[in-house]
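Spelled out from the first residue to the last, the chains are:
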Amino acid sequence: MKHLLSISDLDRDEIIGLMDEADRFREALEGREIKKLPTLRGRTIYTLFYENSTRTRSSFETAGKWMSADVINLSASTSSVKKGESLKDTALTLASIGADAIIMRHPSSGAAQLVADWVAPGGVGPSVINAGDGSHQHPTQALLDLFTIYEELGGVDGLKVAMVGDLRYGRTVHSLTRLLLQYNVSLRFVSPDTLRLPLNLMNTVIDSGINVRESDNVQDVIGDADVLYVTRIQKERFGDAAAYDEVKDAYEITPALMRQAKEKMVIMHPLPRVGEIHTSVDADPRAAYFRQVQNGMFIRMALLAAVLGKA
Ligand code: NCD
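What counts, and where the lines are drawn
Residues numbered from 1 in each chain as written. Predicted model: local features only at pLDDT ≥ 70, side-chain atom pairs only at ≥ 80, totals over all residues. Heavy atoms only, no water. Helix = DSSP H or I, 4+ residues; strand = E, 2+ residues; numbered from the N terminus. Rg over C-alpha atoms; globule rule 2.2 N^0.38 Å. Areas by Shrake-Rupley, 256 points an atom, 1.4 Å probe, with all protein chains shown as cover. Salt bridge = Lys/Arg side-chain N within 4 Å of Asp/Glu carboxyl O. Buried < 20%, exposed > 50% of the residue type's maximum accessible area, 1.4 Å probe, protein only. Near = heavy atom within 4 Å. Polar contact = N/O pair within 3.5 Å; in protein donor to acceptor, adjacent residues only side chain to side chain. Nonpolar A, V, L, I, M, F, W, Y, C, P; charged D, E, K, R; others polar. Pairing = 2+ DSSP bridges. Right-handed = clockwise from strand over helix to strand, strands pointing away. Core = buried A, V, L, I, M, F, W, Y, C linked by side-chain atoms within 4.5 Å.

Describing the overall build of the chain
Each helix and strand counted, the chain has eleven helices and nine strands in total. Computed over its C-alpha atoms, the radius of gyration of the chain comes to 19 Å, within 12% of the 19 Å expected for a compact globule of 311 residues. Structurally, the chain occupies a C-alpha span of about 55 × 45 × 40 Å along its principal axes. On the chain, roughly 13,300 Å² of surface is accessible, and the fraction owed to carbon and sulfur atoms is 47%.

Structure (structure tokens):
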């Protein structure tokens, strides 16, 4: 595997391989006081972020460091991007410096693909990992989400997965949906009418033949969902503040709602949350969002090892 630009780059065998490898990294490190493996010694990884991040950037950095890579963080707000430097010049600079991998986040759909074409023409050059490109995709989040479903429920086939919130702009939903199409699942999409899943993606879902339904009410799905995947309304993607205000408080998952859910259901969220899940739900054993963050460490270790040829 050279790059990871879209979740559709991976087939089911590769996905299972990454999850198995993530489990091996977990076994090697969990509970250990000193978290250091020699896997990527001498390799240099750059994170290049043009949008804010807490988990994605810091978990990639930590994953790299746990494998002894050198990890260097660049962000648009502190680099020469501020002076007007183009994405292409910035990317070619990192390739010239000798980056082995570039993990990048950018507000434009397709940015990671462009960077991969620039820095690794003909496949020679650094690996590029898409850590979120606008409202398009966030493939590493989808991998850690799938890994979490496996860890929490023992498998994916046969499950009913409900996605709630901003299905229009939420890139995590777009990547996870595409990933789940490789499995035998039922999908439920819950959003305000203005934030429904993009039509082209919905058509892909329908064409896949899986069981799918849309709704604007969590009540319609809470009773029989196995996975409730809640997302933030993506304020920064709205052109118009009034349109955001209309939907910003559309959903809140509360303990009262959780009482209607299955005992073995899991509630997930890519985070950050800004009110969609009440903090009193955190104590519920079904609340998996912080375990989800931890799973992200191991899946990102597996992915870095795979793209850098050390799996
Ligand atoms: C998400 C993102 O950046 O797309 N966060 C993440 O990476 N875990 C979700 C969001 O910002 O709402």
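What about the pattern of salt bridges?
Across all of its chains, the model carries 17 salt bridges by this definition. With a closest N to O distance of 2.9 Å, Glu 51 and Arg 171 form a salt bridge. Here Glu 51, found in the loop between strand 1 (44-49) and helix 2 (55-66), pairs with Arg 171, found in helix 6 (residues 171-180); they are 120 residues apart in sequence, far enough to count as distant. Assessed through its relative accessible area of 15%, Glu 51 is described here as buried. Residue classification places Arg 171 among the buried residues on the basis of a relative accessible area of 8%. In the salt-bridge network here, residues are joined through shared partners; they are Arg 26, Glu 30 and Glu 151.

Focus on the site of the ligand
Taken together, the residues surrounding the ligand are Thr 56, Arg 105, His 138, Gln 141, Arg 171, Thr 172, Arg 232, Gln 234, Pro 270, Leu 271 and Pro 272. Between the ligand and the protein, one listed contact pairs an oxygen atom with a side-chain N or O atom of Gln 234 at 2.7 Å. Surface burial for the ligand is 94%, taken as the share of its 320 Å² of free accessible area covered by protein chains. Among the residues making up the shell around the ligand, the classes are represented as three nonpolar, five polar and three charged.

Considering unusual backbone geometry
In this model, Leu 271 is joined to Pro 272 through a cis peptide bond whose omega is 5°. Mapped onto the secondary structure, Pro 272 falls in the loop between strand 9 (266-268) and helix 11 (289-307). Within the chain, Ser 68 stands out as a residue other than glycine whose phi angle is a positive 70°. On the basis of relative accessible area, Ser 68 is assigned to the buried category, the value being 14%. A positive phi is found at Leu 271, a non-glycine position, where the angle reads about 65°. Relative to the helices and strands, Leu 271 is located in the loop between strand 9 and helix 11.

Focus: the environment of Leu 143
Its place among the elements puts Leu 143 in helix 5 (residues 139-153). Spatially, the C-alpha atom of Leu 143 lies 18 Å from that of Glu 27, the residues being 116 residues apart in sequence.

Remarks on the pairing of strand 2 (residues 70-75)
Sheet faces and side chains relate simply in a regular strand, where the side chains alternate between the two faces. Where strand 1 and strand 2 come together, six bridges link them in parallel fashion. Residue Thr 44 lies in a different strand from strand 2, and its bridge partner there is Asp 70. Between the parallel elements strand 1 and strand 2, the chain passes through helix 2 in a crossover that is right-handed.

A short note on the nonpolar core
Nonpolar side chains in soluble globular proteins generally cluster together in the buried interior. Counting residues in each nonpolar core, the largest one holds 65 residues, and the members touching the most others are Ile 45, Met 163, Leu 180, Leu 187, Met 301 and Leu 304. The greatest single-element share of this core, amounting to ten residues, is contributed by helix 11. Among the nonpolar cores identified, the runner-up in size contains 21 residues, and Val 230, Ile 253, Met 265 and Ile 277 belong to it.

Some remarks on the pairing of strand 1
Burial of strand 1 is extensive: six of the six residues sit out of reach of the surface. Both faces of strand 1 are covered, namely the face carrying Thr 44, Tyr 46 and Leu 48 and the face carrying Ile 45, Thr 47 and Phe 49. As paired elements, strand 1 and strand 3 (residues 101-106) share five bridges and run parallel to each other. Residue pairing for strand 3: Thr 47 is matched across the bridge by Ile 103.

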